[in-house]
Amino acid sequence: MVGVSDEEIRRVLGLLYQDDTLRAFASLVLGDSEGLSPKALHKLAGGGLAVCDESGKWRARPERFRELLRARAEPAAELTAEERVLRTFLVDGRLTTLAMRRDKRLVVLRYIAMVFEPGVRYPEKDVNVALRAFHDDHAALRRYLVDEGLLSREDNVYWRSGGPVHL
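Position numbers for residues start from 1 in each chain and track the written sequence from start to end. With pLDDT at 70 or above as the cut-off, local features in this predicted model cover only qualifying residues; side-chain atom pairs require 80 or more to be listed or tallied, and sums for whole chains, interfaces and linings still use all residues. Values shown for side chains rest on all heavy atoms present in the structure; no hydrogens or waters enter the calculation.

J.: Would you mind showing me how to read the environment of Asp6 here?
T.: Following the sequence through the fold, Asp6 ends up in helix H1 (residues 6-17). Distance in space between the C-alpha atoms of Asp6 and Cys52 is 26 Å, their sequence separation being 46 residues. In this text, helices come from DSSP runs of H or I with a minimum length of four residues, and strands from runs of E with a minimum of two, each type numbered from the N-terminal end.

This is the structure we're talking about:
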């Protein structure tokens, strides 16, 4: 099914736009092929939405939609090991847990550290607000960031001292 054209997709969708073929397809999906218009059935068959077996019984082919989607879908991008860790522990931008192995925690902490601009000094309350966006236990996150050398602290003022810098 390589190279499905836009025209072919429009044709299949157009079959569902027409009342006669939409009703025929719905009936087939529900298992009722009695009294359906042969013209509508043949149109559906032409679009790959219906088939007639050797005994003359018609059935719907809803798998046609999956075929069209697969043929048009972009291949999934390969995730790096870091991206896999981030997807595991961050859901909608929030940490699901702080309890993780150190190597995985470091991946997450490096990601979180990028919230802080290098060279900018932050009062503790601003650090807490930024970290609370990731997890309610902002104090533990702050402690982990300092312990791992990603943030430095002096007199309740913090600055980024490690982690990747994206230009």
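J.: Is there a simple way to think about the side chain of Arg160 in this case?
T.: Note that Arg160 resides in strand S7 (residues 157-160). Notably, Arg160 is buried but unbridged: the nearest opposite-charge side chain belongs to Glu117, and the N-O separation is 6.4 Å. Polar contacts involving the side chain of Arg160 include one to the main-chain carbonyl oxygen of Phe116, which spans 3.0 Å. Residues are treated as being in contact if the distance between any of their heavy atoms lies within 4.5 Å. Residues contacting Arg160, with those up to four places away along its chain left out, are Ala113, Met114, Phe116, Glu117, Pro118, Val120, Leu150, Leu151 and Val165. Under the scheme applied here, a residue whose accessible area is under 20% of the maximum for its type counts as buried, over 50% as exposed, and between as partly exposed, the area being computed with a 1.4 Å probe on protein chains only. Counted as positive: Lys and Arg. Counted as negative: Asp and Glu. His and the chain ends are not counted at all. By definition, a salt bridge exists where a carboxyl oxygen of Asp or Glu is found within 4 Å of a side-chain nitrogen of Lys or Arg. Polar contact is the term for a pair of N or O atoms within 3.5 Å; when the atoms are in protein, one must be able to donate a hydrogen and the other to accept it, and sequence-neighboring residues count only if both atoms are side-chain atoms.

J.: So what exactly am I meant to see when it comes to the environment of Asp92 here?
T.: Along the chain, Asp92 falls in the loop between strand S3 (90-91) and strand S4 (94-95). By relative accessible area, Asp92 is classed as exposed at 78%. Sequence-wise, Asp92 and Asp136 are 44 residues apart; in three dimensions their C-alpha atoms are separated by 14 Å.

J.: Looking at this structure, I do not really get the pairing of strand S6 (residues 151-154). What am I missing?
T.: Moving residue by residue along a regular strand, the side chains alternate between the two faces of the sheet. Strand pairing follows a simple DSSP-based rule, namely that at least 2 bridges must link the two strands. As paired strands, S6 and S7 are joined by four bridges and run antiparallel to one another. Bridge pairing links Glu154 to Val157 in S7. The hairpin formed by S6 and S7 contains two residues between the paired strands, and Asp155 there has a positive phi angle of roughly 50°.

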